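# Descriptive structure summary
Each chain, letter by letter, is given below.
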Amino acid sequence: MHAPSIQKQALGLLGWLAATFLTGAIGAFASASAATFYTQLVRPAWAPPPWLFGPVWSVLYVMMGVAAWLVWREHGFRGAATALKLFVVQLFANALWTWLFFVWNLGALSLAEIVLLWFLIAATIVAFWRLNRLASVLLVPYLAWVSFATALTWSLWRLNPATLG
């Protein structure tokens, strides 16, 4: 497959970044009062401060968007259908977690969902590895952060049974 034109590549990059940041916007909408809610929870000593989540997610969303773009740019939708579908599915799972945890306060379900998200990210990394190794590597910090977030979700659920029952 020949490389798309520069204009198509730029539009593709903007599209993949928009998709990832749309996921973030959906989460941000759901977590409008998340900082207040989070600070009211009993938190483990290793829990990060509320201000850290925004910058971390912003960097991760850029890396995620670039990763998807690299795969798309090199293989297109047809050549990378499974990998790009996995990427989109994990975006939906990413956005859903915020609603489950911060809006609906469903601790057990948010834990189950973030474990599913972890597996979807891992599957996306494997699928991307076969197509573009740099794209795959760009998703590793995302998997690491979601691993940490999984442990934090479990801990918060266990420490706050009345709130996150």
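These remarks concern the structure in this document. (Residues numbered from 1 in each chain as written. Predicted model: local features only at pLDDT ≥ 70, side-chain atom pairs only at ≥ 80, totals over all residues. Heavy atoms only, no water.)

For the rest of this paragraph, the subject is the overall build of the protein. Broken down by element type, the protein carries 7 helices and 0 strands. Helices and strands in the protein line up, N terminus first, as α-α-α-α-α-α-α. Since a compact globule built from 165 residues should have a radius of gyration of about 15 Å, the 17 Å found for the protein is in line with a globular shape. Along the first, second and third principal axes, the C-alpha set of the protein runs to 55 × 25 × 25 Å. Pairs at least 24 apart in sequence give 78% of the contacts found in the protein among residues at least 6 apart. (Helix = DSSP H or I, 4+ residues; strand = E, 2+ residues; numbered from the N terminus. Rg over C-alpha atoms; globule rule 2.2 N^0.38 Å. Contact = heavy atoms within 4.5 Å.)

Positionally, Leu111 belongs in helix 5 (residues 107-131). Setting aside residues no more than four positions away along its own chain, Leu111 makes contact with Thr150, Thr153, Trp154 and Trp157.

As a further point, take the packing of aromatic side chains. Scanning the entire structure with this criterion turns up 19 aromatic pairs. When the centroid spacing of 5.4 Å and the interplanar angle of 80° are considered together, the rings of Tyr38 and Phe53 count as edge-to-face. On the criterion of sequence distance, the pair formed by Tyr38 in helix 2 (residues 34-40) and Phe53 in helix 3 (residues 53-79) is long-range, its members being 15 residues apart. For Tyr38, a relative accessible area of 3% gives the class buried. Taken together, the ring pairs connect Trp16, Trp72, Phe77, Phe87 and Phe128 into an aromatic cluster. Just above the ring of Tyr38 sits the side chain of Arg43; from NZ or CZ to the centre is 5.2 Å. (Phe/Tyr/Trp six-rings, centres within 6.5 Å; stacked < 30°, edge-to-face > 60°. Buried < 20%, exposed > 50% of the residue type's maximum accessible area, 1.4 Å probe, protein only. Lys NZ or Arg CZ within 6 Å of the ring centre and 35° of its normal.)

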